[in-house]
Amino acid sequence: MTHEDAGHYAAKHSKDIKANPKVTEAVKRKASDEKISCAAAHKIAADLKVPPKAVGTAIDLIEYRITKCQLGLYGYGPQKKIVKPAEKVSSALEKAIYQGMANNRLACLTCWQIADGLHLSKMDVSAACEALDVKLCNCQLGAF
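Presented here is an overview of the structure given in this document.

The rules we used
- Residues numbered from 1 in each chain as written.
- Predicted model: local features only at pLDDT ≥ 70, side-chain atom pairs only at ≥ 80, totals over all residues.
- Heavy atoms only, no water.
- Helix = DSSP H or I, 4+ residues; strand = E, 2+ residues; numbered from the N terminus.
- Buried < 20%, exposed > 50% of the residue type's maximum accessible area, 1.4 Å probe, protein only.
- Salt bridge = Lys/Arg side-chain N within 4 Å of Asp/Glu carboxyl O.
- Polar contact = N/O pair within 3.5 Å; in protein donor to acceptor, adjacent residues only side chain to side chain.
- Contact = heavy atoms within 4.5 Å.
- Core = buried A, V, L, I, M, F, W, Y, C linked by side-chain atoms within 4.5 Å.
- Disulfide = S-S within 2.5 Å.

Positive phi is not limited to glycine here, since Lys68 has a value of about 50°. Within the secondary structure, Lys68 sits in the loop between strand S2 (65–67) and helix H4 (91–100). The phi torsion at His119 lies on the positive side, around 55°, for a residue other than glycine. Within the secondary structure, His119 is located in the loop between helix H5 (108–118) and helix H6 (122–132). Judged by relative accessible area, which is 74%, His119 ranks as exposed.

With that settled, consider the pattern of salt bridges. Tallied over the full model, the rule gives three salt bridges. One salt bridge connects Asp47 with Lys43, and the closest N-O pair in it is separated by 2.9 Å. Taken as a pair, Asp47 and Lys43 lie in helix H2 (residues 38–48) at a separation of four residues, close to a single helical turn. For Lys43, a relative accessible area of 43% translates into the label partly exposed. For Glu130, the salt bridge identified is with Lys81, shortest N-O distance 3.1 Å. Taken as a pair, Glu130 in helix H6 and Lys81 in the loop between S2 and H4 lie far apart in primary sequence, 49 residues in all.

With respect to the helices and strands, the residue Asp60 is situated in helix H3 (residues 52–61). Within the local environment of Asp60, its side chain forms a polar contact with the side chain of His13, the two groups lying 2.7 Å apart. Among residues more than four places away in sequence, those in contact with Asp60 are Tyr9, Ala10, Lys12 and His13.

Moving on, we come to the nonpolar core. Grouped together as the largest cluster of nonpolar side chains are 39 residues, with contacts concentrated most on Val27, Val55, Ile59, Leu71, Ile97, Leu106 and Cys111. Every element with two or more residues in this core is listed here: helix H1 (21–30), H2, H3, H4, H5 and H6.

Evaluated as defined, the whole model comprises zero disulfides. You can see Cys69 has no disulfide; the closest cysteine sulfur is in Cys38, sitting 5.4 Å from it. Overall, the relative accessible area of 3% leaves Cys69 in the buried class.

Here we come to H5. Among all positions in H5, only Cys108, Thr110, Cys111, Trp112, Ile114 and Ala115 are buried. The inward-facing, buried residues of H5 contact H2, H4, strand S3 (105–107), H6 and strand S4 (135–137). His119, located one to two residues past H5, shows a positive phi value of around 55°.

Function cannot be read off these values alone, since they describe shape.
This is the structure in structure tokens:
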């Protein structure tokens, strides 16, 4: 969605889609000013044992915003994206990124798995993707 679509997040979903009421209540409790961080959304998913996408759907349906993407891609005020290209990418990280790609893109979940497997931060992996000009896709919360 573009910034012009801000505030119309429910429109991404079919009219038949309903949010889990427990998830919606948890989002409302954790949110501030109708915004919730990526990390808080993922914590709700883990605590309630639901997929992150279910939390993202609930967020969209109540027209809240997701902030502070853990990959640094969106939700950081006026500059939006804070991730910068890495100055150097190790061969192990480069190999993992290229091996994890599908359709010339790397999924959010795969970034997280690479970070975990190589004992790096999620932001380190997204910075490497920026340096390698690899686009990220399939946000676990459905933001992109």
